[in-house]
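# Fold and geometry: a report
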Amino acid sequence: MDLGILISGRGSNLEAILEAIGSGKLDARARLVLSNRPDAAGLEIARRHGVPTAVVSHRGHSSREAFDALVVARLREAGVTTVALAGFDRIVSRVLIDAFRGQVVNIHPALLPAFPGLHAQRQALEYGVRIAGATVHFVDEQTDHGPIIAQAAVPVRDDDDEASLSARILSEEHRLYPAALQQLACGAVRISGRRVIGGQP
Ligand code: GRF
């Protein structure tokens, strides 16, 4: 699996993926880390791991599709076959989804279909759920939507605030994302209707 990882910021999921590759837990090659923001801390993580980086600003394009066409070009040049969104703060269009059909995945810090969109952990606390978590899913045209590959649950504690719940979910993300990608890499995953068979590590 030739991975392209799209980021916008911190890059802790990126780091978990690169470490899983380094330790042999994830059978993939990281071909490119692409950020839409030049100051994304994750770019430094990529450089430290010797992974090529690219910055394609989302600003100054006539449309989301025009931006995505540039992103697709950079990913293709780098030999990417599978695209992992890891804290990428843009909604992707059909241009990217169609270019890597069935090979674009995302991680979201909630048990989808609950709490898509921004501030998922805050939404979970405000709603009052007792179980929160993270979801890895194939990407379709809707935000935080598409066939679910794998999920992990964490308890919500009485004294949680957004920071403590986010930290508990994030540590599960770091385990779940590389493990779900490994299921993809070894061909264990297939789609049956709306369901994904074989993704849950
Ligand atoms: C993660 O919580 C991920 O689920 C969400 O954005 C955050 C990215 O964090 N999509 P990081 O950049 O991987 O540290």
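Data block above holds the structure.
Heads up: these notes are all about the structure in this document. Being a predicted model, the structure only gives us computed values, none of them experimental. What you see as residue numbers is a count from 1 along each chain, following the sequence as written. Residues qualify for local features only when their pLDDT is at least 70, as the model is predicted, and side-chain atom pairs are given and counted only at 80 or more; totals for whole chains, interfaces and linings, by contrast, use all residues. Based on all heavy atoms of the structure, the side-chain values leave hydrogens and waters out of the count.

## As for the nonpolar core
What counts, and what does not: In these notes, a set of buried Ala, Val, Leu, Ile, Met, Phe, Trp, Tyr and Cys residues joined through side-chain atoms within 4.5 Å is what counts as a nonpolar core. When accessible area is computed with a 1.4 Å probe and restricted to protein chains, residues below 20% of their type maximum are described as buried, those above 50% as exposed, and intermediate ones as partly exposed. The numbering of helices and of strands both runs from the N terminus, where a helix is a DSSP run of H or I of at least 4 residues and a strand a run of E of at least 2. Here, two residues are considered to be in contact whenever any of their heavy atoms come within 4.5 Å of each other.
Leu 3, Ile 5, Leu 26, Tyr 177 and Leu 181 are the most contacted members of the largest nonpolar core, which has 45 residues in total. Broken down by element, this core gets its largest block of residues, seven residues, from helix H6 (residues 162-185). In this structure, Leu 181 is in contact with Met 1, Leu 3, Ile 17, Leu 26 and Val 105, ignoring residues within four places of it in sequence. In terms of nonpolar packing, the next biggest core, distinct from the first, is built from 19 residues, Leu 34, Phe 88, Leu 96 and Val 104 among them.

## Observations concerning the site of the ligand
So the rule is basically this: Any residue with at least one heavy atom within 4 Å of a molecule or strand is counted as near it. Definition of a polar contact: a pair of N or O atoms within 3.5 Å, with one able to donate and the other able to accept a hydrogen when the atoms are protein atoms, and with sequence-neighbouring residues admitted only if both atoms are side-chain atoms. Accessible surface area values rest on a Shrake-Rupley calculation with a 1.4 Å probe, where residue burial reflects the displayed protein chains alone. Only Asp, Glu, Lys and Arg are considered charged in this grouping, and only Ala, Val, Leu, Ile, Met, Phe, Trp, Tyr, Cys and Pro are considered nonpolar; every other residue, Gly among them, is considered polar.
Residues in contact with the ligand, as listed here, are Arg 10, Gly 11, Ser 12, Asn 13, Gly 87, Ile 107, His 108, Pro 109 and Glu 173. Backbone polar atom of Gly 11 to an oxygen atom of the ligand: 2.8 Å apart, as the coordinates give it. Contact between the ligand and Glu 173: an oxygen atom at 2.6 Å from a side-chain N or O atom of the residue. Protein burial of the ligand: of its 370 Å² of free accessible surface, 83% is covered by the chains. At the level of secondary structure, the elements contributing two or more residues to the shell around the ligand comprise helix H1 (12-22) and strand S5 (104-108). Looking at the shell around the ligand, its residues break down into two nonpolar, five polar and two charged.

## Some remarks on the pattern of salt bridges
Which entries qualify depends on this criterion: Within this document, salt bridges are pairs made up of a side-chain nitrogen of Lys or Arg and a carboxyl oxygen of Asp or Glu, the two lying within 4 Å of each other.
One pass over the full model with this rule turns up 14 salt bridges. Among the salt bridges present, the one from Glu 15 reaches Arg 48, with a minimum N-O distance of 3.3 Å. In this pair, Glu 15 is assigned in helix H1 and Arg 48 in helix H2 (residues 42-48), connecting sequence segments 33 residues apart. When its relative accessible area of 23% is taken as the criterion, Glu 15 is described as partly exposed. Taking relative accessible area as the criterion, Arg 48 reaches 55% and is therefore assigned exposed. Ionic pairing is found between Arg 94 and Glu 141, a salt bridge with its closest N-O pair at 2.5 Å. Highlighted residues: Arg 94 in helix H4 (residues 94-99) and Glu 141 in the loop between strand S6 (131-138) and strand S7 (148-155), separated in sequence by 47 residues. In this structure, a network of salt bridges that share partners links the residues Arg 94, Asp 98, Arg 101 and Glu 141.

## Considering H6
What counts is decided by this rule: Here the expected span of a helix is defined as 1.5 Å times the quantity of residues minus one. To get the bend at any residue, fit one axis to the seven residues that end at it and another to the seven that begin at it, then take the angle between the two axes.
Its 24 residues give H6 an end-to-end C-alpha distance of 33 Å, which sits within 8% of 34 Å, the value for a rise of 1.5 Å per residue. Glu 173 marks the point of greatest bend in H6, at about 25 degrees.

## Remarks on the side chain of Asp 144
Our working definition: The sign given to each residue is positive for Lys and Arg and negative for Asp and Glu; His and the chain ends receive no count.
Following the sequence through the fold, Asp 144 ends up in the loop between S6 and S7. One buried charged side chain, Asp 144, makes no salt bridge at all; its nearest oppositely charged neighbour is Arg 194, positioned 12 Å away. Within the structure, the side chain of Asp 144 is placed 3.3 Å from the side chain of Asn 106, a separation counted as a polar contact. Leaving out residues up to four positions away in the same chain, Asp 144 has contacts with Asn 106, His 108, Leu 112, Pro 116, Gly 117 and His 137.

## Some details on the sheet that holds S7
Note the following rule: In this description, strands pair whenever DSSP reports at least two bridges between them. Axes, fitted as lines to C-alpha atoms, cover a helix only where it is in contact. Angles between the N-to-C directions of the axes lie from 0 to 180 degrees.
Reading across from one edge, S3-S2-S1-S4-S5-S6-S7 is the order of the seven strands in this open sheet, with mixed pairing throughout. The open sheet has two edge strands, strand S3 (53-55) and S7, and neither has a second partner. Averaged over neighbouring strand pairs, the angle between their axes works out to 20 degrees when direction is ignored. Across four bridges, S5 lies against S6 in antiparallel orientation. Bridging across to S6, His 108 finds its partner in Thr 135.

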